[in-house]
Amino acid sequence: MGTFRAAVVGGGIIGAATARRLALLDAHVTLFEKEPALAGHQTGHNSGVVHAGLYYPPGSLKARLCRRGVELLTDFVAEKNLPYDECGKLVVALDTAELGRLDAIEARATANGVPGLRRLDAEAIRSIEPHAVGIAALHSPRTAIIDYTAVTHALAEDVGAAGGVVRTSTTVTGLRARAEAVIVESATAAGSLDLESFDLVVTCAGLQSDRLARRAGDRADPRIVPFLGDYHLLKPEPSRKVRGLIYPVPDPRYPFLGVHLTPRIDGRIMVGPNAFLSPARELYTRWGWSWRDLREAVGFPGFWRFAAHNVPAATRELRTAVSTRRFAAEAAKYVPGLTARDLLPGPRGVRAQAMTADGSLEDDFVISGHGRIVHLRNAPSPGATSSLAIAEYLVDSALERLR
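Here the residue numbers are simple positions, counted from 1 along each chain's written sequence. Since the coordinates come from a predicted model, pLDDT governs what is reported: local features require at least 70, and pairs of side-chain atoms require 80 or more to be given and counted, while whole-chain, interface and lining totals use all residues. Side-chain measures were taken over the full set of non-hydrogen atoms in the model, leaving aside hydrogen atoms and water.

Trainee: What exactly am I supposed to notice about the overall build of the protein chain here?
Mentor: Here a helix means four or more residues in a row that DSSP labels H or I, a strand means two or more in a row labelled E, and each is numbered from the N terminus. Within the protein chain, the secondary structure is distributed over 12 helices and 21 strands. The globule rule used here is 2.2 Å times the number of residues to the 0.38 power, and the radius of gyration it is set against is calculated over C-alpha atoms. Relative to the 2.2 N^0.38 estimate, which gives 22 Å for 403 residues, the radius of gyration of the protein chain is 21 Å and therefore close to what a compact globule would have. Along the first, second and third principal axes, the C-alpha set of the protein chain runs to 65 × 45 × 35 Å. Exposure classes here rest on a 1.4 Å probe applied to the protein chains alone. A residue is buried below 20% of its type maximum, exposed above 50%, and partly exposed in between. Within the span of the protein chain, comprising 403 residues, buried residues form 53% of the whole. Looking at the protein chain alone, contacts between residues at least 24 apart form 72% of all its contacts between residues at least 6 apart. Note that accessible areas follow from Shrake-Rupley with a 1.4 Å probe, and for residues the cover is restricted to the protein chains shown. Of the accessible surface of the protein chain, which amounts to about 16800 Å², a share of 53% is contributed by carbon and sulfur atoms. Positive: Lys, Arg. Negative: Asp, Glu. His and the chain ends are not part of the count. Charge placement uses NZ in Lys and CZ in Arg. For Asp and Glu, CG and CD serve respectively. The protein chain carries 48 positive and 43 negative side-chain charges, and their two centres are separated by 5 Å. By definition, residues are in contact when any of their heavy atoms lie within 4.5 Å.

Trainee: Please clarify how the layout of surface pockets should be interpreted in this entry.
Mentor: Where empty space is left in the structure can be found by rolling a water-sized probe over the atoms. Cavity means a closed set of points on a 1 Å grid over the protein atoms alone, one where a 1.4 Å probe fits but cannot get out, pocket means an open set with protein on both sides within 12 Å along at least 5 of 7 lines, and lining means a residue has an atom within 4 Å of a point. Grid points are joined across faces, edges and corners, and a volume is the space filled by probe spheres set on the points. Estimated volume of the second largest pocket: approximately 300 Å³. Surrounding the second largest pocket, 19 residues form its lining, Tyr254, Arg316, Glu330, Lys333 and Tyr334 being those nearest its centre. Of all the elements, helix 10 (residues 311-322) adds the most residues to the lining of the second largest pocket, at 3 residues. Each residue gets one of three labels, nonpolar for Ala, Val, Leu, Ile, Met, Phe, Trp, Tyr, Cys and Pro, charged for Asp, Glu, Lys and Arg, and polar for the others, Gly among them. Its residues placed into classes, the lining of the second largest pocket shows 8 nonpolar, 2 polar and 9 charged.

Trainee: Explain the state of the cysteines here, please?
Mentor: Disulfides are covalent bonds that connect the sulfur atoms of two cysteines. Cysteine sulfur atoms that come within 2.5 Å of each other are treated as a disulfide pair. In this structure the tally under the stated criterion is 0 disulfides. Free cysteine Cys87: the closest other cysteine sulfur is in Cys66, separated by 15 Å.

Trainee: I would appreciate a short explanation of the sheet that holds strand 2 (residues 28-32) in the present structure.
Mentor: The pairing of strands in a sheet comes from backbone hydrogen bonds and takes either a parallel or an antiparallel form. With mixed pairing, the 6 strands of this open sheet are ordered in space as 9-2-1-13-21-20. Looking along the sheet, the strands with just one partner apiece sit at the ends: strand 9 (165-167) and strand 20 (366-370). Direction aside, the axes of adjacent strands within the sheet are offset by 15° on average. Here strand 1 (residues 5-9) pairs with strand 2 via 5 bridges, running parallel. Note on pairing: two strands pair once DSSP finds at least 2 bridges between them. A fitted line through C-alpha atoms serves as each axis, taken over the contacting stretch for helices, and the angle formed by two N-to-C directions is quoted from 0 to 180°.

Trainee: I would appreciate a short explanation of the side chain of Thr152 in the present structure.
Mentor: Along the chain, Thr152 turns up in helix 5 (residues 148-161). When its relative accessible area of 0% is taken as the criterion, Thr152 is described as buried. Among residues more than four places away in sequence, those in contact with Thr152 are Gly11, Gly12, Ile13, Ala16, Leu38, Ala39 and Thr43.

Trainee: Looking at this structure, how should I read the side chain of Ser209?
Mentor: Mapped onto the fold, Ser209 is located in helix 6 (residues 209-215). A relative accessible area of 3% means that Ser209 is categorised as buried. From its side chain, Ser209 meets the backbone oxygen of Arg377 in a polar contact 3.3 Å long. Beyond its immediate sequence surroundings of up to four residues, Ser209 is in contact with Ile224, Leu376 and Arg377. Side-chain atoms alone can form a polar contact between residues adjacent in sequence; in general such a contact is a pair of N or O atoms within 3.5 Å, and within protein one must be able to donate a hydrogen while the other accepts it.

Trainee: Looking at this model, I keep getting lost on empty space enclosed by the protein. Mind explaining?
Mentor: Across all of its chains, the model carries 1 cavity of 30 Å³ or more by this definition. Looking at the largest cavity, its volume works out to about 40 Å³. Considered class by class, the residues forming the lining of the largest cavity number 4 nonpolar, 3 polar and 1 charged.

Trainee: Would you mind showing me how to read the pattern of salt bridges here?
Mentor: Two side chains that carry opposite charge are able to pair once their charged atoms sit near each other. The term salt bridge refers to a pairing of a side-chain nitrogen on Lys or Arg with a carboxyl oxygen on Asp or Glu at a separation within 4 Å. Within this structure, the stated rule accounts for 32 salt bridges. Its salt-bridge partner being Lys62, residue Asp363 comes within 3.4 Å of it at the nearest N-O pair. Residue Asp363 is located in the loop between strand 19 (343-355) and strand 20, and its partner Lys62 is located in helix 2 (residues 61-80); the two are separated by 301 residues in the primary sequence. The residue Arg142 makes a salt bridge to Glu86 at a minimum N-O spacing of 3.0 Å. One end of the pair, Arg142, is in the loop between strand 7 (136-140) and strand 8 (144-146); the other, Glu86, is in the loop between strand 4 (84-85) and strand 5 (89-93), with 56 residues separating them in the sequence.

Structure representation (C-alpha cells):
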C-alpha cells in the first residue's frame, strides 16, 4: 500500500504490539492511551503466564495465535534481553472424576502442538512438585512466566524508534468513518481536543472495547461485563513449596478456572484468582464502584441469563471472595498444608469478559469492524501470550481488506 497513516487505540500489550507491527510496515503510527502510562489495565494486572496452548479447541483463533504468539514472543524477549522463565506447569487431577477431562485437555494440547507435554502419575507429580498431590497430571515444561508490562514498554520503544508516536493521557472519544479516511476525535488530560485523519484505525481497548466500537457504529454485542479477580501472595517460607505453575483441571460446570498457584518473574508466588462481578470496569482496590459500569452490567439481560445458569459457580466464587480461609483451602487441595496464615493480600485484576445477549461467554478472540476500522472486541487469556500474533493477524487482514 505504500506509506499510510494508522492509529491504534489502547496502550496495553496488544495495542503496543499492533502499533509496532504497523510501524515495521512503514506506516506513520499514532498509539493512543488514555492513562498516563502504558499497560495500566489488564496487561499490568494479570498473572504473567506465557501459555503453551493446552486448553484451546484445535483450529480456533486462540489455538492458532497462541502457538504463533509464543514463537514471536520468545524471539522478541531474547532480542530485548527481557526476563523469561520456563518454570513449567502442572494441570493436576485430584480424583478419578477428573481423569476424563484431563484426557480431553491432553488431546487438545497434542493437536495444538504443545511441546514436551507429558502425562504423569502421582509419583511423577512429586518429582516435579514435591509438595503437590494428585492422582494424575499433565506437565507442560515450556509454559513460562514473564513481565508483560516490561514487554509492552519494549514494544512501544520500537514504535518510537520507527518514527511512530505514543500519546499517553489522551482519550479517544469518537471515530467517524469516511470513504477515504477515519476521523479520530481525542481529548488530552489537560483538556485540549483534537481531530485527526487516518487511513486505518485499529482499536484494542480492552475493558472499554464495546463502548468504543459502538461509538464507531459497530454492533452492540458482545458486551463487556467486568469480573474482578483477587490474588493472594504466599509468604516466603510456604513459597518454597512451589516450583512452577500448579493448576486445577477445568470444571465445565464453572465458567472460570478457580484458584491456582502461579510463580511471578520477581520470585513471589501468587494464589488465585477468584472471579466475581466487579462493581467497576477499572477498579484495582478493595473499595469503590462506578454507577455507570454497574448499571450497564446488571442492566444487561445477558448477564442475568448467564447468572441464572451459573449459581453454583457464583456460590463457589463468593465463598473465596469473602473468606481467606476458604481461599487457602482451595489452594491446599493441590499443596496440602497451606492455610490462611500463609497468605498475604495480593493484587487485583479485572477481566474484560465479552458476553452475548443470550448469556453466553465469548471464549475465542473476537474481531469486528467495517471499512477502515478494525475492533478487537474480545481478547481473554491467552491474549497477552498471543499479543504479537494477534497484532500480525489484525494488521495483515486489515491491510488485505483495504487492498
